[in-house]
Amino acid sequence: FPSHDTRSEDSRKKGDIAVKLFELECIKRDIDVYKPVSSGGRVDYLACIDGEYKRAQIKYISTYKDKILISFTKNQNGRRTEDGRPVYKKYCKHEIDLFLVYCPDTSTWYSIPIELAATHRGLSLSTVDTPKKNNQTKGVRYSRDYIWK
């Protein structure tokens, strides 16, 4: 029997769900969207948002301990380093304009501009509006500030 990578399959299914939910959301919002002819590229859709065409990367991310953890890197088609570690590449502003992230736990879409993604490898958004136990607020990014409106 061939080996079965459940995590990859789950990841693909979640990606498929995200793009269908994105298409539905665009229909609801009366947004024109265009999809590349082939898959696997850096851009998932070209969407006319607020009168401007934006190159969008679509993500589906569940919460983990009251946070939405977004990675701004993509595995390079299964490539690995000599010691077996996966090779990842960050997204750049000449490739995409924004990440549109769907979180099934909040049933909400979040919009992350590439300018933020270009300077970080990932982003943690808190889904909890109250300060931490230590009252830390500096550096905390709240998911409510990134809701796609």
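Here the structure is a predicted model, which is why all the values come from computation and not from measurement. (Residues numbered from 1 in each chain as written. Predicted model: local features only at pLDDT ≥ 70, side-chain atom pairs only at ≥ 80, totals over all residues. Heavy atoms only, no water.)

### Some details on the overall build of the protein
At step 1: A tally of regular secondary structure across the protein gives two helices and 11 strands.
At step 2: Listed by position from the N terminus, the elements making up the protein come as α-β-β-β-β-β-β-β-β-β-α-β-β.
At step 3: Expressed as a percentage of the 149 residues in the protein, the buried residues total 30%.
At step 4: When contacts within the protein are restricted to residue pairs at least 6 apart in sequence, long-range pairs at least 24 apart make up 52% of them. (Helix = DSSP H or I, 4+ residues; strand = E, 2+ residues; numbered from the N terminus. Buried < 20%, exposed > 50% of the residue type's maximum accessible area, 1.4 Å probe, protein only. Contact = heavy atoms within 4.5 Å.)

### Comments concerning the nonpolar core
At step 1: Ranked by size, the top nonpolar core spans 17 residues in total, and within it Ile68, Ile70, Phe72, Phe99, Val101, Ile112 and Leu125 carry the most contacts.
At step 2: At the level of elements, β5 (67-71), β8 (98-103), β9 (108-113), α2 (114-117) and β10 (122-126) are the ones that each hand at least two residues to this core.
At step 3: Among all residues touching Ile70, those that are not within four sequence positions of it are Ile61, Val101, Ile112, Gly122, Leu123 and Leu125.
At step 4: Ranked by size, the runner-up nonpolar core spans 15 residues in total, among them Ile31, Tyr45, Ile49 and Trp109. (Core = buried A, V, L, I, M, F, W, Y, C linked by side-chain atoms within 4.5 Å.)

### A closer look at the pairing of β8
At step 1: Counting buried residues along β8, six of its six residues qualify, which places the element largely inside the surrounding structure.
At step 2: Burial along β8 is two-sided: Leu98, Leu100 and Tyr102 facing one way and Phe99, Val101 and Cys103 facing the other are all buried.
At step 3: Across five bridges, strand β3 (residues 52-60) lies against β8 in parallel orientation. Pairing of Lys59 across the sheet is with Val101, part of β8.
At step 4: As judged from the six bridges shared by β8 and β9, these two strands associate in the antiparallel manner. Bridging across to β9, Phe99 finds its partner in Ile112.
At step 5: Remark: four residues form the turn of the hairpin made by β8 and β9, two consecutive strands paired antiparallel; Ser107 in that turn has positive phi of roughly 50°. (Pairing = 2+ DSSP bridges.)

### Some details on a nonpolar patch on the surface
At step 1: Together, Tyr34, Leu46 and Tyr53 give the surface a local cluster of nonpolar side chains, amounting to about 300 Å² of exposed area.
At step 2: By the secondary structure assignment, Leu46 is in strand β2 (residues 45-49).
At step 3: Judged by relative accessible area, which is 31%, Leu46 ranks as partly exposed. (Patch = residues over 30% accessible without salt bridge, like charges linked within 9 Å, V, L, I, M, F, W, Y side chains within 5 Å. Areas by Shrake-Rupley, 256 points an atom, 1.4 Å probe, with all protein chains shown as cover. Salt bridge = Lys/Arg side-chain N within 4 Å of Asp/Glu carboxyl O.)

### So, the packing of aromatic side chains
At step 1: If you walk through the whole model with that rule in mind, you get nine aromatic pairs.
At step 2: Taking 6.2 Å as the distance between ring centres and 45° as the angle between the ring planes, the aromatic pair formed by Tyr34 and Tyr53 counts as tilted. Of this pair, Tyr34 sits in strand β1 (residues 33-34) while Tyr53 sits in strand β3; the two residues are 19 residues apart in sequence, bridging distant segments of the chain.
At step 3: What makes Tyr34 partly exposed here is its relative accessible area of 43%.
At step 4: Their ring planes at 80° and their centres at 6.2 Å tell us that Trp109 and Trp148 sit as a pair that is edge-to-face. Here Trp109, found in strand β9, pairs with Trp148, found in the segment after β11 (141-142); they are 39 residues apart in sequence, far enough to count as distant.
At step 5: Taking relative accessible area as the criterion, Trp148 reaches 7% and is therefore assigned buried.
At step 6: What links up through ring pairs into an aromatic cluster is the set Phe22, Tyr45, Tyr60, Tyr102, Trp109 and Trp148.
At step 7: It is Arg29 that lies over the ring of Trp148; its NZ or CZ is 3.9 Å from the centre. (Phe/Tyr/Trp six-rings, centres within 6.5 Å; stacked < 30°, edge-to-face > 60°. Lys NZ or Arg CZ within 6 Å of the ring centre and 35° of its normal.)

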